[in-house]
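# Reading the structure
For reference, the chains in residue letters:
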Amino acid sequence: MTYSLAAKTSATGSPRTRFSTPSKPRLRPNPRYRQRLRAVVLGAGTVNGGVLDKIGVLSERIEIAAIVTRKSRQGHDPRQAWLTDINAAFDTGPDVVIEALPDCALAERALKLAASRGCHIISANKAVLARCPQLAGEAERHGGSLRYSAAVAGGIPVLETLTDLRKRGEVIAGIRGVLNGTSNYVLDQIERGAEREAAVKAAQRAGFAEADPSADIDGLDAAAKLVLIARKAFDLELDVDTIGRIPLSALHPGQAKAASGNRLRYRQCAELSRRNGRIKGRVDLQALANTDELTKARNEENIVVITCESGLRVQLHGKGAGRVPTADAMLTDIRDLIACEIGA
């Protein structure tokens, strides 16, 4: 039996479609009960820029104490404290840290600091989260929490669905999907005849690819997402470096267009499967038949198929990259935190 779910996002940042009951556990009442949470926002680029655009609808429940950016933006918005010093931002006494920095040493240090101070963390940083599995436990030991729905598949509730399935008694057998919207967009452009470099630039102009797109193109981004999925699906910690990867550069000029003529379509396929009692992860570049469900993902879309030992199959499909779906996923986590800490 297959259950299909098309994930949707709204222009106002309303919660994403969920598979079942809300997956986030209710936290103990906050002894520092207050009507509003104080937040520090780390980064104001594509994703957190989208969060800042929409978080005003929650102004009665959350206030922005400081926004940290790499370069000074003093005077950018007099209603906010724009800082370049992370320590100064933490001195404002935040309850919650909203983080969407690039993968860098500063991001890792900031998340570790937030966890050690007992802050609630909302993060989209799959690379740091994948290599720092201790962050959730550290935050909880100090009275905080960690939410990272936005770190996997943008607007698709993959992690929430895995949690819900396991709550219902399902045993996850495997996961297969297209997890990187940038690579998918690039492959579609190449299929239409574009050169790889031109396709990457088009993805950057569309807001899907970073200035340095190597993590997307080389499969490292998808591998980090597999680490987070394995954590939710199997209570298993995988080392991202042990996940085999085939980069898009392995695709020769004209190969994608020729495959299209043979009713095939190239996709960057990420997979977790059981082999000899062990969970194996891989990120492959595969030519799939047009009838394969993973070929339904077009441009920046993602698609994920979860298979359970009971025979149940759940298919999730939606926007996997870009400002709106990722920001909406972070806003969903923020709403969940508010509901747990303050109440609806």
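That block above? That's the structure.
A few points on the structure. What you see is a predicted model; the values in this text were computed from it and never measured. (Residues numbered from 1 in each chain as written. Predicted model: local features only at pLDDT ≥ 70, side-chain atom pairs only at ≥ 80, totals over all residues. Heavy atoms only, no water.)

## Some points on the nonpolar core
Counting 59 residues, the largest nonpolar core has V158, I172, I175, I229, L272 and I306 as its most contacted members. Of all the elements, helix 10 (residues 220-234) adds the most residues to this core, at ten residues. In this structure, I229 is in contact with V152, V158, L159, L162, I175, L179 and L272, ignoring residues within four places of it in sequence. A44, I55, I98 and A150 belong to the second-largest nonpolar core, a separate cluster that totals 25 residues. (Core = buried A, V, L, I, M, F, W, Y, C linked by side-chain atoms within 4.5 Å. Buried < 20%, exposed > 50% of the residue type's maximum accessible area, 1.4 Å probe, protein only. Helix = DSSP H or I, 4+ residues; strand = E, 2+ residues; numbered from the N terminus. Contact = heavy atoms within 4.5 Å.)

## Brief notes about the packing of helix 6 (residues 158-167) against helix 10
Where helix 6 meets helix 10, the axes come as close as 9 Å, and the angle between the chain directions of the two elements is 15 degrees. One way to sum up the angle between helix 6 and helix 10 is to call them roughly parallel. The two elements helix 6 and helix 10 meet at a crossing, and its hand is right-handed. From helix 6, V158, L159, L162, T163 and R166 reach across to helix 10, where they touch L228, I229, K232, A233 and F234. When grouped by side-chain class, the residues that make up the contact of helix 6 with helix 10 number seven nonpolar, one polar and two charged. (Axes fitted to C-alpha atoms, helices over the stretch in contact; angles between N-to-C directions. Parallel < 35°, antiparallel > 145°, perpendicular 65-115°, else oblique. Left-handed = near helix turned anticlockwise from the far one by under 90°. Nonpolar A, V, L, I, M, F, W, Y, C, P; charged D, E, K, R; others polar.)

## As for the sheet that holds strand 6 (residues 120-123)
On the basis of which strands lie adjacent, the open sheet formed by six strands has the order 4-3-2-5-6-7 and parallel pairing. Of all the strands in the sheet, the pair left with one neighbour each is strand 4 (82-83) and strand 7 (145-147). Note that strand 6 and strand 7 share three bridges and pair parallel. Bridging from a neighbouring strand, I122 pairs with R147 of strand 7. (Pairing = 2+ DSSP bridges.)

## Here we look at the pairing of strand 11 (residues 278-289)
Relative to strand 11, strand 9 (residues 244-245) is paired through two bridges, and the arrangement is parallel. Residue pairing in the sheet places R245 in a bridge with V283 of strand 11. In this sheet, strand 11 lies alongside strand 10 (residues 264-275) in antiparallel orientation, the contact comprising twelve bridges. Bridge pairing links L264 to A289 in strand 11. Connecting strand 10 to the antiparallel partner strand 11 that follows it, the hairpin turn spans two residues, and N276 within it adopts a positive phi of roughly 55 degrees.

## Observations regarding the side chain of N180
Counting through the fold element by element, N180 comes out in the loop between strand 8 (172-178) and helix 7 (181-191). At a separation of 2.8 Å, a polar atom in the side chain of N180 contacts the side chain of D221. (Polar contact = N/O pair within 3.5 Å; in protein donor to acceptor, adjacent residues only side chain to side chain.)

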